[in-house]
Amino acid sequence: MSSALTDLFPHPIVQAPMAGGVSVPQLAAAVCEAGGLGFLAAGYKTADGVYQEIKQLRSLTSRPFGVNVFMPQPEYADPAAIDVYAHQLAGEATWYEAELGDPDSGRDDGYETKLAVLRDNPVPVVSFHFGVPSREVIDSLHRVGTFVLAAATTPDEARAVERAGADGVIAQGVEAGGHQGTHRDIPELDGSGIGLLSLVAQIRESVSIPIVAAGGIMRGGQIAGVLAAGASAAQLGTAFLATHESGANALHKQALTNPLFVRTELTRAFSGRPARGLVNRFLREHGPYAPPAYPEVHHLTSPLRKAAAKAGDAQGMALWAGQGHRMARELPAGQLVELLAGELATARAVLSGGGGVL
């Protein structure tokens, strides 16, 4: 990775931006203060909400940080399919004594107004999910001194990121928790994602820009592995979800290591777009029937998920988690960064022939 970017954070450890209230300023600040790169998630927030979180984070740390933005989604959802799914969810609404949400609550997540905030109040790094911004957008962020990253799940997507002028690509393997950052949502390709190590190697041979590897990483030894494969840094989400500063619901944190939740699965049940979460009742019952309709399904199920959390029912929540969730450690975020950095140093020593045991 260009030294100008890696100089921003001493350890090659990036805290993934997790939308929905997880990536709060306190979490990002703790990661930054420990030498990693903390991130705020602009997804599902108002532009003013993003501005207020940036302001709060700056009051907690003077170190560089990032903000993640969702790309607007094209209109291709089938209204009839959404109606059918809403009918199927009627029983959930009755059970939780909640109303279904309005699927037409908005498609672009306030994209332009959030970009305006980021131009008027420049931050060190901005990343994009669900696609690639135009070269004009990237150039406008460059002009205010911001480094730009964008997620990719295939070598072709990585090449698109490079062509647009981004400074780096986030290689998101299929192991990753939460939403897959595919540039186009193609239902026929559900479940065909590329594993992280293979993806990093393929992208390394496809583009010349730096790579941040993301997907199922929970230990410093894994960070060493993706660095050896060609990445310049590793992005961890689920590992930070369980930390003390994380804004995740307590039930969500507990579920990561609860023996009741034995595996993860990619599902459209909660949002209409493929996302990896712990398999629970809601996912099992509704996943096979959820239409490819994001963000309509997200808006539709939002009140149900909130009601389930309020009722203390993890079986009705979206428990986003990567494949390494059982390795989660409940620690302060800064302590986790230090632990990961120590594990990374040990792994590098072993790989270089310095002895020791991984």
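Just so it is clear, the model here is predicted, and its values are computed rather than measured.

(A) Region of interest: the overall build of the protein. In terms of regular secondary structure, the protein is built from 15 helices and 11 strands. Counting all 358 residues of the protein, 55% fall into the buried class. Sequence separation of at least 24 residues holds for 69% of the intrachain contacts in the protein that already meet a minimum separation of 6. Here the protein has roughly 14400 Å² of accessible surface; of this, 53% comes from carbon and sulfur atoms. The distance from the centre of the 27 positive side-chain charges to the centre of the 35 negative ones in the protein is 5 Å.

(B) Broad picture of the sheet that holds strand E7 (residues 178-179). Spatially, E7-E11-E10 is the arrangement adopted by the 3 strands of the open sheet, whose pairing is antiparallel. In the strand order of this sheet, the two ends are held by E7 and strand E10 (264-267), each with one partner. Note that E7 and strand E11 (residues 275-278) share 2 bridges and pair antiparallel. Paired with Gly178 across the two strands is Arg276, which belongs to E11.

(C) Region of interest: the sheet that holds strand E3 (residues 65-70). With respect to topology, 8 strands assemble into an open sheet ordered E1-E9-E8-E6-E5-E4-E3-E2, the strand pairing being parallel. Strands with a single pairing partner mark the edges of an open sheet, and in this sheet they are strand E1 (13-15) and strand E2 (38-41). For this sheet the average axis-to-axis angle between neighbouring strands, irrespective of direction, equals 25 degrees. Pairing of E2 with E3, which is carried by 4 bridges, proceeds in the parallel orientation. Opposite Ala41, over in E3, you have Asn68 as the bridge partner. Those strands touched by helix H2 (residues 25-33) are E1, E2 and E3, and its axis lies near 160 degrees from that of E2.

(D) Highlighting the side chain of Thr238. Among the structural elements, Thr238 can be located in helix H11 (residues 238-241). For Thr238, a relative accessible area of 10% gives the class buried. A distance of 2.8 Å separates the side chain of Thr238 from the backbone nitrogen of Gly322, its partner in a polar contact. With residues near it in sequence (within four places) discarded, Thr238 still touches Met18, Met218, Leu256, Ala321, Gly322 and His325.

(E) Local environment of the packing of H2 against helix H3 (residues 47-60). Two elements in contact, H2 and H3, have axes whose closest approach is 9 Å; the angle formed by their N-to-C orientations is 40 degrees. Between H2 and H3, the angle is such that the two are oblique. Remark: the crossing between H2 and H3 carries right-handed chirality. Contacts from Pro25, Gln26, Ala28, Ala29 and Glu33 in H2 reach Glu53, Gln56, Leu57 and Leu60 in H3. Among the residues making up the contact of H2 with H3, the classes are represented as 5 nonpolar, 2 polar and 2 charged.

(F) Here's a closer look at the pattern of salt bridges. Applying the stated criterion across every chain yields a total of 11 salt bridges. Residue Arg159 pairs with Asp156 through a salt bridge whose shortest N-O separation is 2.3 Å. Placement of the pair is Arg159 and Asp156 together in helix H8 (residues 155-163), with a separation of 3 residues, close to one helical turn. Residues Glu285 and Arg281 are paired through a salt bridge, measuring 3.0 Å at the closest nitrogen-oxygen approach. Separated by 4 residues within a single helix, Glu285 and Arg281 lie in helix H13 (residues 281-286), roughly one turn from each other. One continuous salt-bridge network, built from bridges that share partners, spans Glu92, Arg281 and Glu285.

(G) Looking closely at the nonpolar core. Counting 102 residues, the largest nonpolar core has Val67, Phe128, Val169, Ile223, Leu236 and Phe240 as its most contacted members. Residue contributions to this core peak at 7 residues, all from helix H15 (residues 333-351). Counting residues in each nonpolar core, the second largest holds 13 residues, with Phe147, Ala151, Val212 and Ala233 among its members.

(H) Examining the environment of Asp102 more closely. One can find Asp102 in the loop between helix H5 (90-96) and helix H6 (111-120). We classify Asp102 as partly exposed; its relative accessible area is 43%. Taking C-alpha positions, Asp102 is 9.5 Å from His298, a pair spaced 196 residues apart along the chain. From its side chain, Asp102 meets the backbone nitrogen of Asp104 in a polar contact 2.9 Å long.

(I) Fine view of the side chain of Ser246. If you trace the backbone, Ser246 turns up in the loop between H11 and helix H12 (250-255). With relative accessibility at 6%, the residue Ser246 sits in the buried group. Apart from residues no more than four positions distant in its own chain, Ser246 is found in contact with Val22, Leu27, Phe240, Leu241 and Lys253.

(J) Region of the structure containing helix H14 (residues 296-310). For H14, built from 15 residues, the straight-helix expectation of 21 Å at 1.5 Å per residue is met to within 8% by its first-to-last C-alpha distance of 22 Å. Maximal helix bending in H14 amounts to about 40 degrees, located at Ser302; proline Pro303 follows within four positions. All of the buried residues along H14 are Glu296, Val297, His298, His299, Leu300, Thr301, Ser302, Leu304, Arg305, Ala307 and Ala308. Here the buried face of H14 lies against helix H4 (79-88), H5 and H13. Just downstream of H14 lies Gly312, where phi reads positive at about 75 degrees.

Rules and cut-offs
Residues numbered from 1 in each chain as written. Predicted model: local features only at pLDDT ≥ 70, side-chain atom pairs only at ≥ 80, totals over all residues. Heavy atoms only, no water. Helix = DSSP H or I, 4+ residues; strand = E, 2+ residues; numbered from the N terminus. Buried < 20%, exposed > 50% of the residue type's maximum accessible area, 1.4 Å probe, protein only. Contact = heavy atoms within 4.5 Å. Areas by Shrake-Rupley, 256 points an atom, 1.4 Å probe, with all protein chains shown as cover. Lys, Arg positive; Asp, Glu negative; His and termini not counted. Charge placed at Lys NZ, Arg CZ, Asp CG, Glu CD. Pairing = 2+ DSSP bridges. Axes fitted to C-alpha atoms, helices over the stretch in contact; angles between N-to-C directions. Polar contact = N/O pair within 3.5 Å; in protein donor to acceptor, adjacent residues only side chain to side chain. Parallel < 35°, antiparallel > 145°, perpendicular 65-115°, else oblique. Left-handed = near helix turned anticlockwise from the far one by under 90°. Nonpolar A, V, L, I, M, F, W, Y, C, P; charged D, E, K, R; others polar. Salt bridge = Lys/Arg side-chain N within 4 Å of Asp/Glu carboxyl O. Core = buried A, V, L, I, M, F, W, Y, C linked by side-chain atoms within 4.5 Å. Expected span 1.5 Å × (residues − 1). Bend = angle between axes of the 7 residues up to and from the residue.

Worth remembering: the numbers are spatial, not functional.
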